[in-house]
Amino acid sequence: MSTKTESRQGSSQASSSQTHNNYIGGQWVKARSGETFASNNPADQSDLIGLFALSSAADVKDAVDAAEKAYPAWRRTPAPFRAELLMKAARLLETRKEELAQIMVREMGKVIKEARGDVQEAIDMAYYMAGEGRRLMGATVPSELPNKFAMAVRAPIGVVGVITPWNFPVAIPSWKIFPALVAGNTVVFKPATDTPMCALMLVEVLIEAGFPPGVINFVTGGGGKVGMAIVEDPRVRAISITGSTSVGKQVAGRCGELMKRISCELGGKNAICVMEDADIDLAVDGALWGAFGTAGQRCTASSRIIVHKSRYKEFAEKLVARTKALKLGNGLDADIDVGPVANKSQLESVHNYVEIGKKEGAKLLCGGNILTDGDFSKGFFHEPTVFGDVKPSMRIAQEEIFGPVTVLISAEDFDDAIEIANGTDYGLSLAMYTNDVSRAFTAMQELEAGIVYINAPTIGAEIQLPFGGVKQTGNGHREAGIAGIDQFTEWKAIYVDYSGRLQKAQIDTHGDSPAVKE
Ligand code: UN1
C-alpha cells in the first residue's frame, strides 16, 4: 500500500475547522513543526477532507511520554471498568455510524454500504472486547506439590504502538486499539496518511467515552518518520502493524533487534477454487464480491479464481458478463458497485500490473483501463479487470495487486486446484466451492491459510474468530477473537506456596510431603 503525496501546506491555508491536530496526553496539539498534510477525496481530488499534523519523531516522543505516564494508573484500573468505557465507545459508534461511513466514503472511496460495514466491524469489536473485560481468562492448574497454588494471569505489556492502513480505516484500528486498551495497555496510534479523518473520528469517540488522558494518543504523519519513531522508542514494548509485506518485514526486523513484540498482518494472494460439482452461479456471485468489493483493496480480496477445466469456459463467461455490468463511480451514490482506488500511486501500481499481465501473455477478458472521461478524471478510477488463461507462475498470479483485478486459472482436478491455491508466498484466505462433503473437509485440511471458506468467497471474516495468515502474510500472530487479546498481553505464571516449608519442584517426591502423610 502506498500513501497520498504529503503536501506541506501551512495550516493558515485552510479554515481552522479543516485543520486537525494530534491528540497527546489528553490535549489536541499541532505537530511541533507546525506543518500539515492534506487528505483529499479519491473520487474527486478537489474535495479536501482536511489538513492534518505532519508529525515527526519529536511528536512521537511527546506521545510516548504521555502514554508512559498514563500507564501505571491505567494498568491498575480494574478491567471491567476499562471495558465499561469500551462499551460506551460501542454505543457512540452506533450513534455515529452513518456520519463516520459518509466520511469514510469521501476520504477512502469505498462504497457507502461497505463503509457502513467497516464501522459495524468496529462496533462488533467494541462489544466483543468490552465483554473480555469481565473475562481476560487466565488458567489455574494443579501444582505437583501439596499446599501450593498455581495459576497464570494475563498482564498488559505497557505502551503499545498501533500502525494501521487505509483500506479498513475504522475496523482495523479497532481490532488493535480495543483489545490493547481493555487489557490495560496505553496506546500510541498512527493511522495511514490517506485516512487520518476516519482515524480522528474514532479517537474522538474514545475521548468522549471517557478514556483518561494519555491512555490513547494519536499522531498523524508518514510511516518513515512517525511509524519508525514509534518502532524505535524503547519505551514502546509492542507494535501491531497492518500493511505491505515489505514494510512489515522492515518493521519486524527492527523489532527483532530491539526485542520488541511485533505482530504483522501483511499481504495476501487469496484464491477461490471452483470445482466441477459446485453451484457455478453461487461461485460467480462470490467471485464478483470477493474480487471487486472495496475495489479489490482488501488483504483478503479474491485475486485468483481457480476453476475446474470442465467448468472454466462457463464460469469465465458468466463472471465477465457480471463484471462488465458493475457500476463505477462515487461511492456515496447507493447505485454504485465499485468506487475509486485510494490514491494516485495505487492507481498507477494497479495499472502497471495490467500491463505486466498483458506482457506475460494472459488474456485480458474485460476492463484493463484507467477511466479518465468526465467526472472520472477528478479521481482514481480503474475498471474492474479479469484476466483469463493465466498460468499459476505469472506475476499477476503471484503478487498482491491490491486493486480491482482478478485472474482466472484452469485446474485439472481437485488436487491440482489445491496445489495451485497453495502455490504462492502468501497464506491469508482461501476458499473452496464444492458440494461434495469429503472435498470440503479435505480442503479445510489441505489449504494453507489462516482463513478458509467453504462455499463463500475469501472476504467476510467476522470479529469473533482469529484473523491473519501463514507464510509471508504474517509472523504468527492473529487479530480479533480471543487471539486479539494474546497480541496485547503477557502471561504471568504465579505460584503460591502455603505449606510453610521449602518445597522443591521436580525434586520432592509426592509421598514425602508431611501434608500428604497427615
Ligand atoms: C482486509 O482484508 O484488509 O474479512 C480486512 C473481511 C473484512 C476485513 C478485511 N471483515 O473481508
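Criteria and thresholds
Residues numbered from 1 in each chain as written. Predicted model: local features only at pLDDT ≥ 70, side-chain atom pairs only at ≥ 80, totals over all residues. Heavy atoms only, no water. Salt bridge = Lys/Arg side-chain N within 4 Å of Asp/Glu carboxyl O. Helix = DSSP H or I, 4+ residues; strand = E, 2+ residues; numbered from the N terminus. Buried < 20%, exposed > 50% of the residue type's maximum accessible area, 1.4 Å probe, protein only. Near = heavy atom within 4 Å. Polar contact = N/O pair within 3.5 Å; in protein donor to acceptor, adjacent residues only side chain to side chain. Areas by Shrake-Rupley, 256 points an atom, 1.4 Å probe, with all protein chains shown as cover. Nonpolar A, V, L, I, M, F, W, Y, C, P; charged D, E, K, R; others polar. Pairing = 2+ DSSP bridges. Contact = heavy atoms within 4.5 Å. Axes fitted to C-alpha atoms, helices over the stretch in contact; angles between N-to-C directions. Patch = residues over 30% accessible without salt bridge, like charges linked within 9 Å, V, L, I, M, F, W, Y side chains within 5 Å. Lys, Arg positive; Asp, Glu negative; His and termini not counted. Charge placed at Lys NZ, Arg CZ, Asp CG, Glu CD. Phe/Tyr/Trp six-rings, centres within 6.5 Å; stacked < 30°, edge-to-face > 60°. Lys NZ or Arg CZ within 6 Å of the ring centre and 35° of its normal. Domains from an automatic or database assignment. Buried area = accessible area lost by both parts, 1.4 Å probe. Core = buried A, V, L, I, M, F, W, Y, C linked by side-chain atoms within 4.5 Å.

Enumeration over the complete set of coordinates arrives at 30 salt bridges. The residue Asp285 makes a salt bridge to Arg322 at a minimum N-O spacing of 2.9 Å. Placement of the pair is Asp285 in helix 9 (residues 280-292) and Arg322 in helix 10 (residues 312-324), with a sequence separation of 37 residues. We classify Asp285 as partly exposed; its relative accessible area is 39%. The shortest N-O distance in the salt bridge between Lys378 and Asp375 comes to 3.5 Å. Note on Lys378: relative accessible area 40%, which makes it partly exposed. Salt bridges sharing partners connect three or more residues here, namely Lys61, Asp65, Glu68, Asp233 and Arg235.

This part covers the site of the ligand. Every residue lining the ligand is accounted for by Glu121, Asn167, Phe168, Trp175, Arg298, Cys299, Thr300, Ile459, Gly460, Ala461 and Phe467. Within the backbone of Gly460, an N or O atom sits 2.9 Å from an oxygen atom of the ligand. Surface burial for the ligand is 98%, taken as the share of its 320 Å² of free accessible area covered by protein chains. By residue class, the composition of the shell around the ligand is six nonpolar, three polar and two charged.

Spatially, the three strands line up as an open sheet ordered 1-5-4, and their pairing is mixed. Each end of this open sheet is capped by a strand with a single partner; those strands are strand 1 (19-20) and strand 4 (36-41). Relative to strand 5 (residues 44-53), strand 1 runs parallel, the two being bridged by two bridges. Following the sheet pairing, Thr19 is matched in strand 5 by Leu51. Contacts from helix 6 (residues 196-209) reach strand 1, strand 4 and strand 5, with the element oriented near 50° to strand 5.

On the surface, Asp413, Asp415, Glu419 and Glu446 cluster together into a patch of negative charge. Relative to the helices and strands, Glu446 resides in helix 14 (residues 437-446).

This part covers the packing of aromatic side chains. Enumeration over the complete set of coordinates arrives at seven aromatic pairs. Between Phe37 and Phe52 the ring centres are 6.1 Å apart and the planes differ by 40°, which places this aromatic pair in the tilted class. Of this pair, Phe37 sits in strand 4 while Phe52 sits in strand 5, and the two are 15 residues apart along the sequence. Against the face of Trp74 rests Arg82, its NZ or CZ located 6.0 Å from the ring centre.

What follows covers the environment of Pro457. Position of Pro457 among the secondary structure elements: in the loop between strand 20 (451-454) and strand 21 (470-471). The spacing of Pro457 and Ile157 is 300 residues in sequence and 36 Å in space, taken between C-alpha atoms. With sequence-adjacent residues up to four places away left out, Pro457 is seen in contact with Ile272, Gly286, Trp289, Gly290, Ser302, Ala431 and Tyr433.

Moving on, we come to the domain arrangement of the protein chain. Here the protein chain is described as being made up of domain 1 (17-134 + 154-266 + 475-485) and domain 2 (271-463). One C-alpha centre belongs to domain 1, the other to domain 2, and the line joining them spans 30 Å. Here domain 1 packs against domain 2, burying approximately 2,300 Å² in sum over the two surfaces, 61% of which is carbon and sulfur. For the domain 1 face of the interface with domain 2, the top three residues by lost area are Ala43, Glu114 and Trp166, together amounting to 23%. For the interface between domain 1 and domain 2, the tally reads one salt bridge. Among the salt bridges present, the one from Arg298 reaches Glu114, with a minimum N-O distance of 3.6 Å. At the junction of domain 1 with domain 2, the criterion picks out seven residue pairs in polar contact (both at pLDDT 80 or more). Elements with a contribution of two residues or more to the side of domain 1 that touches domain 2: strand 5, helix 3 (97-108) and helix 4 (112-132).

Turning to the pairing of strand 19 (residues 429-433), a few remarks are in order. Counted residue by residue, strand 19 has five buried out of five residues, so it is predominantly covered. Of the two faces of strand 19, the one holding Ser429, Ala431 and Tyr433 and the one holding Leu430 and Met432 are both buried throughout. Bridge count between strand 19 and strand 20: four bridges; the pairing is parallel. Bridge pairing links Ser429 to Ile451 in strand 20.

The next subject is unusual backbone geometry. The backbone of Asn455 shows a phi angle near 55°, a positive value even though the residue is not glycine. Mapping Asn455 onto the fold places it in the loop between strand 20 and strand 21.

Attention now goes to the nonpolar core. The biggest cluster of nonpolar side chains holds 106 residues, and the ones touching the most others in it are Ile177, Phe178, Phe211, Val274 and Phe315. Looking at this core, the element that brings in the most residues is helix 6, giving ten residues. The two domains that each donate at least three residues to this core are domain 1 (17-134 + 154-266 + 475-485) and domain 2 (271-463).

On to the side chain of Arg304, then. On the secondary structure map, Arg304 appears in strand 14 (residues 302-308). Despite its burial, Arg304 remains without a salt bridge, the nearest opposite charge being carried by Glu448 at 9.5 Å. If we ignore the near neighbours within four places in the chain, the residues touching Arg304 are Lys269, Asn270, Ala271, Ile272, Ala397, Thr406, Val407, Ile409, Ile420, Ala421, Thr424 and Leu430.

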